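# Breakdown of the fold
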Amino acid sequence: MASSSSSSGSSMSFADRQAERMKKLRDLHLKRNEARQLNHQEVVEEDKRQKMPTNWEARKRRADWILKEEEDRTAAAENGEDYDRVKLLEISATDAERLDRKKKKKNPDSGFADYEQATIRQYNRLVKGIKPDMEQYDEQRQKLGDAFYNEKNSILHGQFKDTKQGIDRMVEDIEKQVAKREKYSRRRMHNDDADIDYINERNMNFNKKLERFYGQHTAEIKQNLERGTAV
């Protein structure tokens, strides 16, 4: 009887050890599969990041910042608060001083340097005047998914349709630009009573420059020439 009892205890001990080994083996298989899945997911994400535009992260942060600011502005309006005032109260004195120095250094209109700089200034001016519809923006982002951020292989043709309100805003903005351009490019009216001392428009402009810089020094000589009394 003692021998039979000892054999049974030894057999149970072997079974327990076998079960423990199988459990460890299953755990290792699960960890290996999990590591394999995580590695594959990381490779896919890395490939996706490489295919994105170089400024995609900055554009995404900018879009998230705009959404956050609009949410804070809406919350302030619901609480009857002035969002700009609340925002200024949260800025430290050091940051406020830095922003003030930056504003003083910035020249909003440095004059015409070249067509590239003029185009950049016009673009920034138009962007500042845009008031986006954040609800529509959020709907489009959810609908288009990753294609919303315009990756290299994104195809947006047929997925987006301009609204009538958006087209009307574009037409109104173009009309304003045309009116402003006509205002600055309008030719001055010709004065029929003015003396004709030029042979073409280029010569007229040159004479105006001479008059502006040397007119006060040559006024007497010009009068003598007109009277015929010049020596």
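Sequence order as written defines the numbering, with residues in each chain counted from 1. Selection of residues for local features in this predicted model requires a pLDDT of at least 70, selection of side-chain atom pairs for listing and counting requires 80 or more, and totals for whole chains, interfaces and linings are taken over all residues. Side-chain figures throughout are based on the complete set of non-hydrogen atoms in the structure, without hydrogens or water.

### Some points on the overall build of the chain
Of the regular secondary structure elements, the chain holds eight helices and zero strands. Put simply, DSSP H or I for four residues or longer makes a helix, DSSP E for two residues or longer makes a strand, and each gets a number counted from the N terminus. Order of helices (α) and strands (β) in the chain, N terminus to C terminus: α-α-α-α-α-α-α-α. Partly exposed describes any residue whose relative accessible area lies between the buried limit of under 20% and the exposed limit of over 50%, with all areas from a 1.4 Å probe on protein chains only and scaled to the type maximum. Each of the 231 residues in the chain was classed as buried or not, and the buried ones make up 9%. Residues are treated as being in contact if the distance between any of their heavy atoms lies within 4.5 Å. Excluding contacts between residues fewer than 6 apart, the proportion of contacts in the chain whose partners are at least 24 apart in sequence is 42%. Note on areas: Shrake-Rupley with a 1.4 Å probe; residue coverage comes only from the protein chains shown. As displayed, the chain has an accessible area near 21,500 Å², and 52% of this comes from carbon and sulfur atoms.

### Here's the deal with a negative patch on the surface
On the surface, a cluster of negative charge is made up of D195, D197, E211 and E226. Looking at the secondary structure, you find E226 in helix α8 (residues 201-227). Judged by relative accessible area, which is 58%, E226 ranks as exposed. What goes into a patch is any residue over 30% in relative accessible area without a salt bridge, connected to like charges within 9 Å or, for nonpolar side chains (Val, Leu, Ile, Met, Phe, Trp, Tyr), within 5 Å. Whenever a carboxyl oxygen of Asp or Glu lies within 4 Å of a side-chain nitrogen of Lys or Arg, that contact is scored as a salt bridge. For the purpose of charge, His is not counted, nor are the chain termini; Lys and Arg are scored as positive and Asp and Glu as negative. Note that the charge is assigned to NZ on lysines, CZ on arginines, CG on aspartates and CD on glutamates.

### Digging into the nonpolar core
Counting residues in hydrophobic clusters, the biggest one holds eight residues: W56, A63, L67, M134, Y137, L144, F148 and Y149. Broken down by secondary-structure element, the contributors of at least two residues to this core are α2 (56-78) and α6 (134-144). Once residues lying within four places of it in the same chain are set aside, the contact partners of F148 are Y137, Q140 and R141. Residues belong to one nonpolar core when they are buried, are Ala, Val, Leu, Ile, Met, Phe, Trp, Tyr or Cys, and are joined through side-chain atoms within 4.5 Å.

### A word on the side chain of N207
Inspection of the secondary structure puts N207 in helix α8. For N207, the contacting residues outside a window of four places in its chain are D197 and Y198.

### Quick notes on the pattern of salt bridges
Tallied over the full model, the rule gives eight salt bridges. For the salt bridge of D27 with K23, the shortest nitrogen-to-oxygen distance reads 3.4 Å. Of this pair, D27 and K23 are both found in helix α1 (residues 2-51), four residues apart, which corresponds to roughly one turn of the helix. Given the relative accessible area of 44%, K23 is considered partly exposed. Between E69 and R73 there is a salt bridge whose closest N-O contact spans 3.9 Å. Here R73 and E69 lie together in helix α2, a separation of four residues that amounts to about one turn.

### As for the confidence of the model for the chain
Mean pLDDT over the chain: 77, with 81% of residues reaching 70 or higher. pLDDT measures how confident the predictor is about each residue, on a scale from 0 to 100. Highest mean pLDDT in the chain belongs to α8 (85); lowest belongs to helix α4 (residues 93-105) (72). This stretch, residues 1-9, has a pLDDT under 50; its non-local contacts, to residues over four places away or in other chains, come to zero contacts.

### Let's talk about a nonpolar patch on the surface
On the surface, a nonpolar cluster with roughly 380 Å² of combined accessible area is contributed by I167, M170, V171, I174 and V178. By relative accessible area, which is 33% here, V178 ends up partly exposed.

### Examining α8
One turn of the α-helix equals 3.6 residues, which is why residues spaced by three or four share an orientation. Expected helix span is given by 1.5 Å per residue-to-residue step, counting one fewer step than there are residues. Relative to the 39 Å expected for 27 residues at 1.5 Å per residue, α8 spans just 27 Å between its end C-alpha atoms, considerably shorter than the ideal helical length. Bending of α8 peaks at approximately 90° at the position of G215. Regarding α8, the residues found buried are N207, G215 and N224. Between a side-chain oxygen at the N-terminus of α8 and the backbone nitrogen of R202 the separation is 3.3 Å; the capping residue is N200. Just downstream of α8 lies G228, where phi reads positive at about 80°. Think of it this way: the bend at a residue is just the angle between two axes, each fitted to seven residues, one set ending at that residue and the other starting at it. Any N or O atom pair separated by 3.5 Å or less is treated as a polar contact, with the protein-specific requirement of one donor-capable and one acceptor-capable atom, and with residues adjacent in sequence counted only for side-chain atom pairs.

### A closer look at α6
Of the positions making up α6, those classed as buried are M134, Y137, Q140 and L144. The arc enclosing the buried residues of α6, seen along the axis, measures out at 120°, which places them on a common side. The outward face of α6, more than 90 degrees from its buried face, is lined by the exposed residues E135, E139, Q142 and K143. Elements that come into contact with the buried residues of α6 comprise α2. Throughout, the arc means that of the directions going from the helix axis to the C-beta atoms.

### Looking at the environment of D133
Looking at the secondary structure, you find D133 in the loop between α5 (115-128) and α6. Sequence separation between D133 and E70 is 63 residues; the distance between their C-alpha atoms is 10.0 Å.

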